[in-house]
Amino acid sequence: SLTRLGASSDSKQVDTLETVCDVIFQLTGTEVQPENTLEQCGLASVGLPVLIKMLTSAIPGLTMTAADFVSAQTLKELAANIDARIAQNESAHIR
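Values in this document were obtained by computation on a predicted structure and should not be read as measured data. (Residues numbered from 1 in each chain as written. Predicted model: local features only at pLDDT ≥ 70, side-chain atom pairs only at ≥ 80, totals over all residues. Heavy atoms only, no water.)

1. Brief notes about the environment of Ile59
Along the chain, the position of Ile59 falls in the loop between α2 (48-58) and α3 (66-70). What makes Ile59 buried here is its relative accessible area of 8%. Residues in contact with Ile59, not counting those within four places in the same chain, are Thr16, Thr19, Ile82 and Ile86. (Helix = DSSP H or I, 4+ residues; strand = E, 2+ residues; numbered from the N terminus. Buried < 20%, exposed > 50% of the residue type's maximum accessible area, 1.4 Å probe, protein only. Contact = heavy atoms within 4.5 Å.)

Written out as structure tokens, the structure is:
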């Protein structure tokens, strides 16, 4: 996995953001920043299904819909949504 943000691994948020940026780089060949929107990355509605598939493959336990992606204004918000979804999924499985 390529590391572009120089992020340390002690923050789950940064790790998720790093993964999001890496997956988008793999998909588009374009370096992206956390403040970029999906549209700025060239991934408006047309690229969403592929991005969702790649992210759910790259991040264990992640299940998301297009709506989860569209609600995020930036890649940083997308990473936060992913972390929230993973936490929600994990808490739903603990009984």
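2. What to know about the confidence of the model for the protein
Residues with a pLDDT of 70 or more make up 82% of the protein, whose mean pLDDT is 82. No element of the protein has a lower mean pLDDT than α3, at 81, and none a higher one than α2, at 90. Across residues 1-10, where pLDDT falls below 50, the model places 16 contacts with residues more than four positions away in sequence or in other chains. (pLDDT = per-residue confidence, 0-100.)

3. So, the layout of surface pockets
Approximately 180 Å³ is the volume attributed to the largest pocket. If you go around the largest pocket, you meet eleven residues; those closest to its centre are Leu38, Glu39, Phe69, Val70 and Ala72. The residue inventory of the lining of the largest pocket, partitioned by class, reads seven nonpolar, three polar and one charged. (1 Å grid on protein atoms, 1.4 Å probe; cavity = no way out; pocket = protein on both sides within 12 Å on 5 of 7 lines; lining within 4 Å. Points joined across faces, edges and corners; volume = space filled by probe spheres on them. Nonpolar A, V, L, I, M, F, W, Y, C, P; charged D, E, K, R; others polar.)

4. What to know about the pattern of salt bridges
Within this structure, the stated rule accounts for one salt bridge. Asp68 is the partner of Arg85 in a salt bridge, and the nearest nitrogen-oxygen pair spans 2.9 Å. Of the two residues, Arg85 is situated in helix α4 (residues 75-93) and Asp68 in helix α3; the sequence distance between them amounts to 17 residues. (Salt bridge = Lys/Arg side-chain N within 4 Å of Asp/Glu carboxyl O.)

5. Regarding the side chain of Asn89
Inspection of the secondary structure assignment puts Asn89 in helix α4. According to the relative accessible area criterion, Asn89 is buried, its value standing at 17%. Leaving out residues up to four positions away in the same chain, Asn89 has contacts with Gly61 and Thr63.

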